[in-house]
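# A look at the structure
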Amino acid sequence: MDAAHHVDIKAHLRKYYIVFAALAVGTILTVAASQIDATPTQHVLIALFIAICKASLVGAYFMHLISERKALFSILILTVVLFGVLMSLPTMTHDEMAGHPQIQMHLTAAPLTGEAAHGGTATGGAHGAAATDGAHGGGH
Amino acid sequence: MSHELLPYTVKPHPITAMYSGKLGTWLFLASEVMLFGALFSTYILLRVANPVAFSHANTHLNITVGAINTFVLIISSVTMVMAWAALHEKNLGKCRMLLGVTLACALFFLVVKLVFEYKVKWDHGTFPSTNPFFAIYFTMTGLHALHIIGGIVVIGYFLGPGSKLYATNPEYYANRIECTGLYWHFVDIVWIFLFPVLYLL
């Protein structure tokens, strides 16, 4: 019995090492993928795909979801559904904003305060300029 | 006595098939998903409204520092789960050593975050009020850092005074380490998404 338990722990440890290697490779791939020439949408999709794969590995093996009981998944399914609703809210709000340009202008222009708005330091100034560009881009 | 006050701390509950601590931890993590979900939702809203500002602003973040911290958190996740496995090998010494490595990784993450990221930005006059990108950047990474601090407190407790429980009830101690691990892995998962979203996209 003890020997079987020991073998089981050894098997677990082997899985942990493999997952660790996969997570390290995933991190390198995430950084490498951000440097390739692709559209912003493609960058988002690639980065999210790798992040979801990495998170799944952590959840499945480190959090032992792969061997958990059914009862837990009823909690997790509800969480996933509500998380999906949360993520879809900006899309709905964006459609609302399209009909109300003043709301969009308020969102983009209002936070431009502090040093960046007044020229500030080199870094702050650059961000301020970028944010102003964004305000123009978003406004139209 | 304590077993009567708080039932199913070691043995699984007949309905949920989990001990109480694990069920409670998962419910807590579900609420945490909603908390970070609201912030990710806010990020999307701000990014859609400020596409150019966001694509320019994140070029001022240090990808190398972010990647190093990602590796450090991954290492800490592995050592955390190995600490739990060590308890199943009935090896408290190895467990404490691995918890110590996890704690060191957490402290390293915080120091790197504070010295090589926040301080550099503050020295350059970049604050949450600078623009929408840095507002959400400081909010999300700041909240994540608070979770790291929370993890340090809990891991530190089980590494120190909390480890006395092992002598009287090793299974209960192992369960507590497992719950701490669940929380710590969640903190790692949040960073797995924060890193590409804030630093790379």
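As a starting point, this report considers the structure included with it. Just so you know, these numbers come straight off a predicted model, no measurement behind them. (Residues numbered from 1 in each chain as written. Chains lettered and ligands numbered in written order. Predicted model: local features only at pLDDT ≥ 70, side-chain atom pairs only at ≥ 80, totals over all residues.)

## Topic: the overall build of chain A
Across its full length, chain A holds 5 helices and 0 strands. When the helices and strands of chain A are listed from N to C terminus, the series reads α-α-α-α-α. Residues counted as buried form 23% of the 140 residues belonging to chain A. Partitioning the contacts of chain A with sequence separation of at least 6, the portion at a separation of at least 24 is 45%. (Helix = DSSP H or I, 4+ residues; strand = E, 2+ residues; numbered from the N terminus. Buried ≥ 20, exposed ≤ 12 C-beta atoms within 10 Å, placed from the backbone. Contact = placed C-beta atoms within 7 Å.)

## Observations concerning unusual backbone geometry
With a phi close to 60°, A:His64 is a non-glycine residue in the positive phi region. Checked against the element boundaries, A:His64 lands in the loop between helix 2 (40-62) and helix 3 (70-98).

## Remarks on the packing of helix 2 (residues 20-49) of chain B against helix 6 (residues 132-159) of chain B
For any two helices packed against each other, the geometry comes down to the angle between their axes and how far apart the axes lie. Residue and element names in this part refer to chain B. At a closest axis distance of 10 Å, the pairing of helix 2 and helix 6 adopts a crossing angle of 165°. With respect to each other, helix 2 and helix 6 are oriented roughly antiparallel. As for the relative orientation of helix 2 and helix 6, their crossing is left-handed in sense. In this structure, helix 2 contributes Leu39, Thr42, Tyr43 and Leu46 to the contact, and helix 6 contributes Pro132, Ile136, Thr139, Met140 and Leu143. Looking at the contact of helix 2 with helix 6 residue by residue, the classes come out as 7 nonpolar, 2 polar and no charged. (Axes fitted to C-alpha atoms, helices over the stretch in contact; angles between N-to-C directions. Parallel < 35°, antiparallel > 145°, perpendicular 65-115°, else oblique. Left-handed = near helix turned anticlockwise from the far one by under 90°. Nonpolar A, V, L, I, M, F, W, Y, C, P; charged D, E, K, R; others polar.)

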